[in-house]
Amino acid sequence: VQLQASGGGSVQAGDSLRVSCAVSGATFSAYSMGWFRQAPGNEREFVAAIRRNGGSTHYADSVKGRFTISRDNAKSTVYLQMNSLKPEDTAVYYCAADRAIILSDIRRGDAWDNWGQGTEVTVSS
């Protein structure tokens, strides 16, 4: 499974940005997808996830109401729409994929089997 993240950039606080993750080499619809982020000096943290069955979504409290995760199975792509960005959202954003992850594990980075290379998001005040 190959994951290719894109769409990062530098924006001002309050702006919006959408990052994408294209998946190849696998049946996309069979995978739950997640987004994590890692800021300099910090540990990787969960951002959002969308399940493979029914597409239920889950968010970190810090982004709930501002970020939206979605998937397009026809394009084998997962998106993270980020609105009302804050400087504390500055990080490298990584997408992850897993066929068998269970709900109780989705916030654990070590539970996901496949990772993309990351795309950098910088939010200035």
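Described in the following lines is the structure provided in the data block. Keep in mind the model is a prediction, meaning the values are calculated, not measured.

The rules we used
- Residues numbered from 1 in each chain as written.
- Predicted model: local features only at pLDDT ≥ 70, side-chain atom pairs only at ≥ 80, totals over all residues.
- Heavy atoms only, no water.
- Helix = DSSP H or I, 4+ residues; strand = E, 2+ residues; numbered from the N terminus.
- Rg over C-alpha atoms; globule rule 2.2 N^0.38 Å.
- Buried < 20%, exposed > 50% of the residue type's maximum accessible area, 1.4 Å probe, protein only.
- Contact = heavy atoms within 4.5 Å.
- Areas by Shrake-Rupley, 256 points an atom, 1.4 Å probe, with all protein chains shown as cover.

A word on the overall build of the protein
So, step 1. Scanning the protein for helices and strands turns up 0 helices and 11 strands.
So, step 2. Reading the helices (α) and strands (β) of the protein from amino to carboxyl end gives β-β-β-β-β-β-β-β-β-β-β.
So, step 3. At 13 Å, the protein has a C-alpha radius of gyration in line with the 14 Å of a compact globule built from 125 residues.
So, step 4. The dimensions of the protein, computed from C-alpha atoms along their principal axes, are 40 × 30 × 25 Å.
So, step 5. Within the protein, buried positions represent 46% of all 125 residues.
So, step 6. Considering only contacts within the protein whose residues lie at least 6 apart along the sequence, 58% involve residues at least 24 apart.
So, step 7. If you sum the accessible surface of the protein, you get close to 6,100 Å²; carbon and sulfur atoms cover 42% of it.

Taken by themselves, the reported measurements are silent on function.
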